[in-house]
Amino acid sequence: MNFEKLLNHITEINGRVVAVAAADDEEVIEAVKEAVLRKLAMFILFGNKEKIDKLLRLKGINNDNIQVIHTQTKEEAAELAVKSVHNDEATILMKGMVSSATLLKSVLNKEYGLRTNRVLSHVAIFEIPGFSKSMIVTDAAMNIHPNLEEKQQIIENAVDMAKSIGINNPKVAVLAAIENVNPAMEVTLDAASLTLMNKRGQIKDCIIDGPLALDNAVSTIAAKQKGIDSEVAGNADILLVPTIEAGNILYKSLIYFAKAKVGSVIAGAKAPIVLTSRSDSAECKLYSLALAICSSK
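All figures in this text were calculated on a predicted structure; none of them were measured in a lab.

## Remarks on the packing of aromatic side chains
One pair of aromatic rings is described through two measures. These are the centre distance and the angle between the planes. Evaluated as defined, the whole model comprises two aromatic pairs. Residues Phe3 and Tyr287 carry aromatic rings whose centres are separated by 4.3 Å and whose planes lie at 5 degrees to one another, so their mutual orientation is stacked. Taken together, the residues span a long stretch of sequence, with Phe3 in helix α1 (residues 3-10) and Tyr287 in helix α11 (residues 282-295) at a distance of 284 residues. The exposure classification of Phe3 matches that of Tyr287, with both residues buried. Here Phe126 and Tyr251 contribute two aromatic rings whose centre-to-centre distance is 5.2 Å and whose plane-to-plane angle is 75 degrees, an arrangement assigned as edge-to-face. In this pair, Phe126 is assigned in strand β5 (residues 121-127) and Tyr251 in helix α10 (residues 244-256), connecting sequence segments 125 residues apart.

The following block contains the structure:
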């Protein structure tokens with residue numbers, strides 16, 4: 001499913017309310033405008049009301065499905081946005097012109113935050129020019145050096161996201177630098193363990209194989225040349241990266257070198273979190289919002 005089909009599909013999902021923390025930003029308001037025009041969701045915008053109202057006027061937005069709540073600081077905007085989701089007044093949390101650290105501090109608050117018993121992880125979906133299908137990459141932004149248990153939960157979050165956009169029983173490639181188990185390379189041991197856990201039913205609703213190098217995960221030609229016989233090799237839907245550095249480099253390489261379109265969310269919380277970079281385009285924010293709407297309940 002490409003992003004345009006995804007946006008069209010979302011019109012069938014009703015009643016979603018998005019709480020935006022520090023919405024006084026032009027790119028955020030542009031994404032809100034497009035979402036409103038497409039009738040994707042309703043919005044509660046937290047931040048400097050004067051600036052938000054001015055941006056709404058400049059963008060020609062005058063809609064009953066938008067509520068603006070004034071806050072004195074970005075910290076207050078983050079807190080109130082998170083509380084609105086915690087109290088079921090909103091179904092999705094979206095980051096505006098506020099730092100990730102500030103927003104996540106409120107998300108992790110023990111009193112009113114959005115933590116569950118699952119690991120929070122970053123799930124990104126790429127539409128890559130010249131590539132036959134969308135590709136999911138996880139985790140490029142949250143978990144620095146996940147252990148085996150955390151990797152299991154990161155996979156489960158990504159599988160849930162894949163299912164929400166119509167990819168049933170997704171194929172998960174556990175990435176490493178090589179495709180053989182090497183005791184000197186811990187990521188290959190984790191990959192083998194995750195593969196076995198999947199075969200024994202400990203990780204469900206997907207097919208896992210690893211370790212796999214990137215070329216063997218996404219290219220049937222490369223997999224065949226290496227003699228790898230696997231349901232996943234060459235046909236992966238989800239790429240599990242070993243560390244945040246590897247994920248960050250792959251994520252940005254796809255954007256800057258391959259000119260891929262991307263949408264991303266933080267999964268594993270009470271509600272999906274749109275945690276795009278403040279420098280991301282309105283288009284990227286819209287695609288991320290679309291994913292959040294699909295995965296919200």
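## A word on the packing of helix α4 (residues 74-86) against helix α5 (residues 100-107)
Put simply, α4 and α5 touch, their axes get as near as 9 Å, and they point 40 degrees apart. Here α5 runs oblique to α4, going by the angle between their axes. Taken as a pair, α4 and α5 cross one another with a handedness that is right-handed. For the pair α4 and α5, contact is made by Lys74, Glu75, Ala78, Glu79 and Val82 and by Thr102, Leu103, Ser106 and Val107, respectively. When the residues that make up the contact of α4 with α5 are grouped by side-chain class, the tally is four nonpolar, two polar and three charged.

## A look at the packing of α1 against α11
Axis separation between α1 and α11 bottoms out at 10 Å; the angle between their running directions is 50 degrees. As the angle between them shows, α1 and α11 are arranged oblique. For the pair α1 and α11, the sense of crossing is left-handed. The residues of α11 that touch α1, namely those facing Phe3, Leu6, Leu7, His9 and Ile10, are Leu286, Tyr287, Ala290, Leu291, Ile293 and Cys294. Of the residues in the contact of α1 with α11, the class split is 10 nonpolar, one polar and no charged.

## Describing the side chain of Asp24
Here Asp24 lies in the loop between β1 (17-21) and α2 (26-37). Lys74 is the oppositely charged side chain nearest to the buried, salt-bridge-free Asp24, at an N-O distance of 4.2 Å. In this view, Asp24 contacts Phe46, Gly47, Asn48, Lys51, Ile52, Leu55, Lys74 and Met97; residues no more than four positions away in its chain are not counted.

Analysis parameters
Numbers given to residues run from 1 along each chain, matching the order in which its sequence is written. Per-residue local features of the predicted model are confined to residues with pLDDT of at least 70, and side-chain atom pairs are confined, for both listing and counting, to 80 or more; whole-chain, interface and lining totals are unaffected and use all residues. With hydrogens and water set aside, each side-chain value is computed from the structure's full complement of heavy atoms. Pairing of aromatic rings covers Phe, Tyr and the six-membered ring of Trp, with a centre-to-centre limit of 6.5 Å; geometry is then stacked below 30 degrees between planes, edge-to-face above 60, and tilted otherwise. Here a helix means four or more residues in a row that DSSP labels H or I, a strand means two or more in a row labelled E, and each is numbered from the N terminus. In this scheme, a residue with accessible area under 20% of its type's maximum is buried, one over 50% is exposed, and one in between is partly exposed, where area comes from a 1.4 Å probe on protein chains only. The convention used is that axes are lines fitted to C-alpha atoms, helices contributing only their stretch in contact, and that angles between N-to-C directions extend from 0 to 180 degrees. Working definition: roughly parallel below 35 degrees, roughly antiparallel above 145 degrees, roughly perpendicular at 65 to 115 degrees, and oblique for all remaining angles. Two helices that cross are described as forming a left-handed crossing if the nearer one is turned anticlockwise from the farther one by less than a right angle, and a right-handed crossing if clockwise. Every residue pair with non-hydrogen atoms within 4.5 Å of one another is taken to be in contact. Only Asp, Glu, Lys and Arg are considered charged, only Ala, Val, Leu, Ile, Met, Phe, Trp, Tyr, Cys and Pro nonpolar, and every remaining residue, Gly among them, polar. In this count, Lys and Arg are taken as positive residues and Asp and Glu as negative ones, while His and the chain termini are left out. The term salt bridge refers to a pairing of a side-chain nitrogen on Lys or Arg with a carboxyl oxygen on Asp or Glu at a separation within 4 Å.

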